[in-house]
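Secondary and tertiary structure notes
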Amino acid sequence: MSNKAKKTRWVYLRAFVYFFLAMAAAAPLVAAQKVELSVDTSKAGAKIDRNIFGQFAEHLGHGIYEGIWVGTDSKIPNTRGIRNDVVAALKALKVPNVRWPGGCFADEYHWRKGIGAQRPVTLNPNWGGVTEPNAFGTHEFMDFLEQIGSDAYVSINVGSGTPQEASEWLEYMTTAQPTTLAKERAVNGHAAPYRIGYLGIGNESWDCGGNMTPDYYLSQMKFYSRFVRNFNPEQQEKNRMLKVAVGPGGGGARWTEWTETIMKAYQHHTWSWDIDGLSMHNYTVVKWPPAFKSVGFEEREYAQILKSTLEMEELIDKHSAIMDKYDPQKKVALVVDEWGGWYAPMPGSNPGFLVQQNSMRDAILAALNLNIFARHADRVRMANIAQMINVLQAMILTDKEKMAMTPTYHVFKMYVPFQDATFVPVTFDAGTYKNGEINLPRVDAIAATDKTGKVWIEVTNVDPNQAAEIEMSFAGIAAKSAAGETLTAPKVDSVNTFDAPTTVAPKPISARVQNRKLTLKVEPKSVTVISVEQ
Ligand code: AHR
């Protein structure tokens, strides 16, 4: 062999060794962890209310304007001003309810400015101090709901409004009688009364909603509960509108006192006022002001955020225990109507617009929270992720005519079969994923049976480095096979962008059958939903 040939062979050999070492470092050959999981379909739990998959759309940044409303003259394809691409994407999520118009915005919203042909331009002092065109008002919101097939969760203005203003808004929206307000509604394009499924009586009244003490809020809330009536004839009895009082925003003494005050009063409430829900707000933020990046972060921040998000369970337990004292029959729902990851604003964006990216970490965060809600389905019967489009932990991002579905969107879509399904117990040893001093459950799982009796299982693998080999056994059914979808990504901070919209997208997965047991290998940092064939 010539010297030249020997040299070439040596170069190739060295390149091969380097390549092998680099591959080994990038993807360590770690064996999948075995997890035994038992599903008992003979023991039915509570119904997982479809409303826990609710959304929140506030007049904030590009949440409404550009995200939903582009106006009838826009080049972006729209139906009566509402963008068609967003509607099509949201329809697939079967969004059960949308909370609107805020948030902090709700306590400064005066509904009359958002109806009719002449709309004043006002200000949005809470969110960037920008102008509010009032182009998207009551009729546009109800049209949007009709287009996506969802129910209205309207937040009335307790902070800077009056019971009279709110009660007239409800009369305007809901009465079938020929009142002056109903005639005005007809002139504005809707003769039939609207259905309002849920009514929020104020928002964060302990803070941006008016800085009230619990007792002060309680007396205000009673006025609104008494006088803000839904007149829709179809909703007078069993389909009546559910009223949600402002509840806690954390777990400290201030918040337990708030829950105590409202629930103690509820225990002795009379015919003249009532509530059906107590709201709770809990963002995953670690420390205030939000400083964690929404993209371009390492495994350490992944672990810190997920540790923080799991505190949701403790918070629900704490406030549920107080509610149980005064409402043992669980008539009042705990409504987690603001939740999700809240990170530092994207560089270059208006900080008042709460713009952030949405990564694989957020997909895991969403699954963990939805599983917590499902495990507390007897009390948590409604929740609203913040927020629907372009704000905080959004489902959808838009930029002019472009649109991208986020990893969180895919989780909500994969969870559709759990809407109104019956919770069934799953037992498993979660194991531990460690990062420094942070210990997290390595896997999480829930199971449910839908109305047709089909069993659905969700498995979240929190561990970003190790796959998990899930061995499932069943009581109550003879499982033959299982298949579904799994969502994972190259990195914990992988995101979908307008140029690369499918970096994080679900793909099919199926289980193997061995001795009547199903074995399913789930990738590191993944969310998987399968249905079982019997
Ligand atoms: O979702 C953003 C804001 O967070 C809401 O307007 C407010 O209710 C909460 O503080």
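A short tour of the structure in this document, coming up. (Residues numbered from 1 in each chain as written. Predicted model: local features only at pLDDT ≥ 70, side-chain atom pairs only at ≥ 80, totals over all residues. Heavy atoms only, no water.)

This paragraph deals with the sheet that holds strand E26 (residues 517-522). As a general point, the strands of a sheet are linked pairwise by backbone hydrogen bonds and lie either parallel or antiparallel. If you trace the five strands from one edge of the open sheet to the other, you get E17-E1-E22-E26-E25, paired in mixed fashion. Looking at the sheet topology across the chains shown, the edges are occupied by strand E17 (426-428) and strand E25 (512-514). In this sheet, adjacent strand axes meet at a mean angle of 30° when their direction is disregarded. Pairing analysis gives eight bridges linking strand E1 (residues 33-40) to strand E22 (residues 468-475), with the strands arranged parallel. The partner of Glu-36 across the bridge, within E22, is Glu-471. (Pairing = 2+ DSSP bridges. Helix = DSSP H or I, 4+ residues; strand = E, 2+ residues; numbered from the N terminus. Axes fitted to C-alpha atoms, helices over the stretch in contact; angles between N-to-C directions.)

Our focus in this paragraph is the state of the cysteines. Cysteine pairs can be linked by a disulfide, which is a covalent bond between their two sulfur atoms. Tallying each qualifying case throughout the model produces one disulfide. The residue that forms a disulfide with Cys-104 is Cys-208, at a sulfur-sulfur distance of 2.2 Å. Disulfide Cys-104-Cys-208: the torsion about the S-S bond is -90°, which places it as left-handed. One end of the pair, Cys-104, is in the loop between strand E5 (97-100) and strand E6 (122-124); the other, Cys-208, is in the loop between strand E9 (198-201) and helix H6 (214-227), and 104 residues separate them in sequence. By relative accessible area, which is 12% here, Cys-104 ends up buried. Given the relative accessible area of 28%, Cys-208 is considered partly exposed. (Disulfide = S-S within 2.5 Å. Buried < 20%, exposed > 50% of the residue type's maximum accessible area, 1.4 Å probe, protein only.)

This brings us to unusual backbone geometry. A cis amide bond links Trp-100 to the next residue, Pro-101, at an omega of 5°. Among the secondary structure elements, Pro-101 is positioned in the loop between E5 and E6. Located in the positive-phi region is Glu-66, a residue other than glycine, with phi close to 85°. Locating Glu-66 in the fold gives a position in the loop between strand E2 (54-56) and strand E3 (78-79).

The next subject is the environment of Met-221. Mapping Met-221 onto the fold places it in helix H6. A relative accessible area of 0% places Met-221 in the buried class. Between the C-alpha atoms of Met-221 and Trp-273, which are 52 residues apart in sequence, the distance is 8.9 Å. Setting aside its immediate chain neighbours within four residues, Met-221 contacts Ile-201, Ala-245, Ile-262, Trp-273 and Ile-275. (Contact = heavy atoms within 4.5 Å.)

A separate point is the nonpolar core. Core analysis: the largest hydrophobic core is formed by 118 residues, its most contacted members being Leu-90, Trp-339, Phe-373 and Tyr-415. Take this core: its biggest share by element is eleven residues, from helix H10 (residues 360-375). In terms of nonpolar packing, the next biggest core, distinct from the first, is built from 26 residues, Val-426, Ile-470, Phe-474 and Leu-520 among them. (Core = buried A, V, L, I, M, F, W, Y, C linked by side-chain atoms within 4.5 Å.)

A word on the sheet that holds strand E21 (residues 455-461). Reading across from one edge, E16-E20-E21-E27-E23-E24 is the order of the six strands in this open sheet, with antiparallel pairing throughout. Each of the sheet's edge strands pairs with one partner strand only, and the pair in question is strand E16 (422-424) and strand E24 (507-510). The average angle at which neighbouring strand axes cross in this sheet is 25°, direction not considered. Bridge count between strand E23 (residues 481-487) and E24: four bridges; the pairing is antiparallel. Considered in E24, the bridge of Thr-486 is made with Lys-507. Taken strand by strand, H10 contacts E16, strand E20 (443-449), E21, E23 and strand E27 (526-533), and its axis lies near 50° from that of E20.

Lining the immediate surroundings of the ligand are Phe-56, Glu-58, Gly-103, Cys-104, Trp-127, Asn-203, Glu-204, Tyr-283, Glu-338, Trp-342, Gln-387 and Leu-392. Here the ligand has 280 Å² of accessible area as a free molecule, and 94% of this is covered by the chains. Within the shell around the ligand, the residues separate by chemical class into six nonpolar, three polar and three charged. (Near = heavy atom within 4 Å. Areas by Shrake-Rupley, 256 points an atom, 1.4 Å probe, with all protein chains shown as cover. Nonpolar A, V, L, I, M, F, W, Y, C, P; charged D, E, K, R; others polar.)

Turning to empty space enclosed by the protein, a few remarks are in order. For the structure shown, the criterion picks out two cavities of 30 Å³ or more. Forming the boundary of the largest cavity are Arg-99, Tyr-153, Gly-200, Gly-202, Asn-203, Glu-204, Val-244, Ala-245, Val-246, Ser-279, His-281 and Asp-337. Elements with a minimum of two residues in the lining of the largest cavity: strand E10 (242-245) and strand E11 (277-284). Residue classes in the lining of the largest cavity are distributed as four nonpolar, five polar and three charged. Volume-wise, the second largest cavity comes out at about 40 Å³. Every residue along the wall of the second largest cavity is listed here: Tyr-109, Trp-111, Ile-156, Asn-157, Glu-165, Ala-166 and Trp-169. Considering every element that reaches the lining of the second largest cavity, the biggest residue donor is helix H4 (residues 163-174), with three residues. (1 Å grid on protein atoms, 1.4 Å probe; cavity = no way out; pocket = protein on both sides within 12 Å on 5 of 7 lines; lining within 4 Å. Points joined across faces, edges and corners; volume = space filled by probe spheres on them.)

The values reported here are purely geometric and, on their own, carry no functional implication.
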